[in-house]
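# Tertiary structure, described
What follows is the residue order along each chain.
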Amino acid sequence: MMIHSLALPPSDAEVDAWLAVLASAAAADLPQLPPPSRVEVAGRLCVTPARGRPVLWTAGAGEGAGESEGVAALLLFTEEGNTHTAFLDVLTVRPGARRRGVGTALWERVREELLADGRTSVAAMLDLGGPGQAFAEAMGFENVLPMAWYAQDVPVAAAAPAGAAADGPAQPPATPGYELLTWYGLVPDAWAPAAAAAHAAMEDAPTGDMDERIQTWTPERLHALQQLILDRGGDMITVAAVTPGGEVAAYTEIVLPDPEGTSALQYDTVVVPAHRGHGLGRAVKRHMAAQAAARHPQLRRIATTVADENGPMRAVNEALGYRRERGVGIYQIKL
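Residue indices begin from 1 for each chain and proceed along its sequence in written order. In keeping with the model being predicted, local features are shown solely for residues with a pLDDT of at least 70 and side-chain atom pairs are shown and tallied solely at 80 or more, while totals for entire chains, interfaces and linings include all residues. For the side-chain quantities, the full set of heavy atoms in the structure was used; hydrogens and water were omitted.

### Points about unusual backbone geometry
Formally: Numbering goes from the N terminus for both helices and strands, where a helix is a DSSP run of H or I of at least four residues and a strand is a run of E of at least two. Only protein chains enter the accessibility calculation, which uses a 1.4 Å probe. A residue is then buried if its area is under 20% of the maximum for its type, exposed if over 50%, and partly exposed in between.
In this structure, the amide linkage connecting Leu8 to the following residue, Pro9, adopts the cis form with an omega of -5 degrees. Topologically, Pro9 is positioned in the loop between strand S1 (2-5) and helix H1 (12-29). Its identity as a non-glycine residue notwithstanding, Arg99 has a phi of 65 degrees, on the positive side. You can see Arg99 is positioned in the loop between strand S4 (86-93) and helix H3 (102-116). Since its relative accessible area comes to 88%, Arg99 is described here as exposed.

### Some words on the environment of Ala196
Filter applied, for reference: In what follows, residue pairs with any heavy atoms lying within 4.5 Å of each other are defined as contacts.
Here Ala196 is to be found in helix H5 (residues 192-199). With 52 residues separating them in the primary sequence, Ala196 and Val248 have C-alpha atoms 8.9 Å apart. In this view, Ala196 contacts Trp217, Thr218, Pro219 and Leu222; residues no more than four positions away in its chain are not counted.

### Brief notes about the pattern of salt bridges
Basically, it comes down to this: In the sections that follow, a salt bridge refers to a side-chain nitrogen of Lys or Arg positioned within 4 Å of a carboxyl oxygen of Asp or Glu.
Throughout the structure, instances matching the rule amount to 17 salt bridges. A salt bridge links Arg326 to Asp127, with the nearest nitrogen and oxygen atoms 2.8 Å apart. Here Arg326, found in strand S12 (residues 323-334), pairs with Asp127, found in strand S5 (residues 121-127); they are 199 residues apart in sequence, far enough to count as distant. Classification of Arg326 as buried rests on a relative accessible area of 14%. Members of the salt-bridge network, linked through shared partners, are Asp127, Asp153, Arg301, Arg323, Glu325 and Arg326.

### Description of the packing of aromatic side chains
We describe a pair of aromatic rings using the distance from one ring centre to the other and the angle between the two ring planes. As a reminder of what qualifies: Centre distance within 6.5 Å is the pairing criterion for rings of Phe, Tyr and Trp, where only the six-membered ring of Trp is used; planes under 30 degrees apart are then read as stacked, over 60 as edge-to-face, and the remainder as tilted. Look at NZ for Lys and CZ for Arg. If either is within 6 Å of the ring centre and within 35 degrees of the ring normal, a charge sits over the ring.
A full pass over the atoms with the stated rule returns 2 aromatic pairs. Ring plane angle 40 degrees and centroid distance 5.8 Å describe the contact between Trp183 and Trp191, whose orientation is recorded as tilted. In terms of burial, Trp183 and Trp191 fall into one category: buried. Just above the ring of Tyr184 sits the side chain of Arg295; from NZ or CZ to the centre is 4.2 Å.

### Thoughts on H1
In plain terms, the rule: Given the number of residues in a helix, its expected span is that number minus one, multiplied by 1.5 Å.
The terminal C-alpha atoms of H1, which comprises 18 residues, lie 26 Å apart, in line with the 26 Å expected from a rise of 1.5 Å per residue. Every buried residue of H1 is accounted for by Val15, Ala17, Trp18, Leu19, Val21, Leu22 and Ala25. On its buried face, H1 sits against helix H2 (38-46), strand S2 (52-60), strand S3 (70-77) and S4.

### Looking at the environment of Gln152
This is how the line gets drawn: Here a polar contact means two N or O atoms within 3.5 Å. Within protein one must be a hydrogen donor candidate and the other an acceptor candidate, and residues neighboring in sequence count only if both atoms are side-chain atoms.
If you trace the backbone, Gln152 turns up in strand S6 (residues 142-153). When the C-alpha positions of Gln152 and Glu325 are compared, they lie 9.9 Å apart, and in sequence the two are 173 residues distant. With near-sequence residues (within four places) excluded, Gln152 lies in contact with Ala289, Arg300, Arg301, Ile302, Leu320, Gly321, Tyr322 and Arg323. Within polar-contact distance, the side chain of Gln152 engages the side chain of Tyr322 at 3.5 Å.

### Observations regarding the nonpolar core
Definition in use: Here, nonpolar core means buried Ala, Val, Leu, Ile, Met, Phe, Trp, Tyr and Cys residues that are tied together by side-chain atoms lying within 4.5 Å of each other.
Counting 27 residues, the largest nonpolar core has Ile254, Leu280, Leu299 and Ile302 as its most contacted members. Counting residues per element, the ones that place at least two in this core are S6, strand S8 (235-242), strand S9 (248-256), strand S10 (263-271), helix H7 (280-295), strand S11 (301-307) and helix H8 (311-319). When residues of this core are assigned to their parent elements, the largest contribution, 6 residues, is made by H7. Among residues more than four places away in sequence, those in contact with Ile302 are Tyr150, Ala151, Gln152, Val154, Ile254, Ala264, Gln266, Ala289 and Tyr322. Judged by nonpolar contacts, the second largest core, of 23 residues, contains Val55, Leu88, Val102 and Phe141.

### Things to note about the side chain of Gln332
Position of Gln332 among the secondary structure elements: in strand S12. Given the relative accessible area of 7%, Gln332 is considered buried. Within the structure, the side chain of Gln332 is placed 3.2 Å from the backbone oxygen of Asp209, a separation counted as a polar contact. Excluding residues that lie within four positions of it along the chain, Gln332 makes contacts with Val122, Ala123, Gly140, Phe141, Glu142, Val144, Asp209, Met210 and Asp211.

Listed below in structure tokens is the structure:
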């Protein structure tokens, strides 16, 4: 068995070999979920992340883009304040090749890269109870932020409320004084400063003992991260509750990594502290589900992660019909 570094961007054959590993692992470990999409996998492999420098490896018997036994993807953060840490986005072994040292060999190559680059920690998101958790704990990782995946079914008949339009007002939330705006793709320039300011309210979200530092939100950073989703072939929708004075009081974001797929990821949902207690979190998420269903009629499932200690957001999700699917955690190791 050999560990190969992939040049960036990888070839189509290399993308296909990578996808085959992820698909076989998903079928064995999470058969209840939709299989990984080639659009999403190719986008993540071929488009450089906004937050750092990616490094990719495959494990196989020989050179080239033949059948791979395992894959690993590491993101070395280049953001100010985070150049000491990194995120292990993928370390996956084909089910038929497990317990043969493939994962250990990939981890050793990842660890060498981290140490050579002066990193002192690395984190990864892992499903609880699966092979990833057992492997990570054997390597010395610890769960520093317990979370869970929650999912909501999107009814076939769901549709946006009458009068709703992109960049325009929709039906107001129950509390007077706010209106809902929907933005597809990038947040419009005129609203970007207010949206970036609202993102800063995420700073009070639980982060456990994660070594990664929260970055300052600016309109430029907001647009860069949103543009990355679009460049990778995905679609993004933002619903915001705004005030007459031009403040974004609450917002929620949804991403379809593959716009033709049946699943979406709920990203941030934030209510600015001064506007909490008015039902805005439920209002923006409820309207988001309708907007997403209208734009993507094939959409059937929206999934999100919430920290176990984030009681208020778990309550909002439960009120909207989200169900807990499985435990997950941010695992971290100090090198």
